[in-house]
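# Commentary on secondary and tertiary structure
What follows is each chain in one-letter form.
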Amino acid sequence: MPKKIAVITSGGDVPGLNACLRAIVHTATHEHCEVLGVEHGYDGLIAGEFSVLTLASVRDIVRRGGTVLRSARSNAFMTPAGRAQAAANLKAQNISHMVVVGGDGSLRGAAIFGREHDLTIVGVPKTIDNDVSHTDTCIGYDTATNTAMDAIDRIRDTADSHERIYVIEVMGRDSGYIAFAAGLAGAADGILIPETTTDWASLTRVLKERHRGHKGSLLVVVAEGDESGGAINVTQHLAAEFPDEKIGICVLGHIQRGGAPTAADRLLAARFGVAAVMRLRETIDSAMVGLQGNALAFTPLGDIQRKHLELNAERKQLLQMLL
Ligand code: ADP
């Protein structure tokens, strides 16, 4: 086991990062290893912003969203010179082992960094969009999905009371995971995701049938990265089809990022955090810890890519039966 490791949170914040930091510090302390927290993501690594994390530093953070280390996106880390400075700062601290908690971008950067400077890096996947390859799920996705579902439920109350149509935009620049999961869980009438091209004729036919049938509410959930262009464009499209209806729009935006992590995210963060530190004890090969089935699995860090929601037969059937 190395005597000292560094940990960093990089990219967009998600709920569960603090739970992961807590697990990392507890595990390292158990293994008699010191943990240096890197503040402000890769920019902080380049600037040498280190602080010692102890059990006291991570007390009572498990339930807080965001990251106590702060996070950032860093243009400087995209350059070899920036990464060389970051490596020099780690070397000055006698550190050659690091845990990077990040999305696919941060993990791709970590793979390059580790290769260039002979560092052992364990990646931990976090993203509300769930778009990291080689893992079924990522820290933050469950909480964001629950937040979106809760918002859909609340909008449904108003939509039902006023027999109104609502278009709700959820996060997902490249992947439809949140829209798919929160839309199904919230019994949406339409779900538009980047992985499919919207069949407008079929969508409006279904919506019109339902509208005539019960004249209740209709909710359409759209991922921000859908090819339709998002909630405003979808609303314009539907307004032409339902000229007598007032159509509500709700863009959920950043409320999906924050808040207390769910139990599922805290436990996932704990499993990933413990496994990441234990991995550093066992091998010098850089890898990402992920969840495949319900088992932890390591994948070489260089293999990590962005992932899309695969519309397999079961998912197609769910959409067919429930929409
Ligand atoms: P996320 O990790 O949440 O996907 P980004 O894609 O914005 O977020 O990546 C976060 C940071 O990771 C970037 O600001 C950059 O510093 C670093 N990064 C991303 N891709 C690379 C890359 N190909 N090479 C080096 N660094 C990268």
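Residues numbered from 1 in each chain as written. Predicted model: local features only at pLDDT ≥ 70, side-chain atom pairs only at ≥ 80, totals over all residues. Heavy atoms only, no water.

## Considering the overall build of the protein chain
The line we're drawing: The secondary structure listing takes helices from DSSP runs of H or I that are at least 4 residues long and strands from runs of E that are at least 2 residues long, numbered from the N terminus. Think of it in three bands: with a 1.4 Å probe and only protein chains considered, a residue is buried below 20% of the maximum accessible area for its type, exposed above 50%, and partly exposed in between. Whether two residues are in contact is decided by their heavy atoms, any of which lying within 4.5 Å being enough.
Secondary structure assignment for the protein chain yields 10 helices and 11 strands. With the C-alpha coordinates aligned to their principal axes, the bounding extent of the protein chain is approximately 70 × 35 × 35 Å. Considering the protein chain as a whole, with its 323 residues, one finds that 53% of them fall into the buried category. Sequence separation of at least 24 residues holds for 75% of the intrachain contacts in the protein chain that already meet a minimum separation of 6.

## Focus on the domain arrangement of the protein chain
Operational definition: All domain edges in this entry derive from an automatic or database-based domain assignment. Summed over both partners, the accessible surface that disappears when two parts come together, traced with a 1.4 Å probe, is what is meant by buried area. Throughout this description, a polar contact denotes any pair of N or O atoms lying within 3.5 Å of each other; where both atoms belong to protein, one of them has to be capable of donating a hydrogen while the other can accept it, and for residues adjacent in sequence the pair is counted only when both atoms sit in side chains.
One can read the domain layout of the protein chain as domain 1 (4-140 + 261-303) and domain 2 (142-258). Computed over C-alpha atoms only, the centres of domain 1 and domain 2 are separated by 34 Å. Between domain 1 and domain 2, the residue contacts involve 14 residues of the former and 13 residues of the latter. Contact between domain 1 and domain 2 buries roughly 1,100 Å² in total, counting both sides, with carbon and sulfur atoms accounting for 48%. For the interface between domain 1 and domain 2, the tally reads nine residue pairs in polar contact (both at pLDDT 80 or more).

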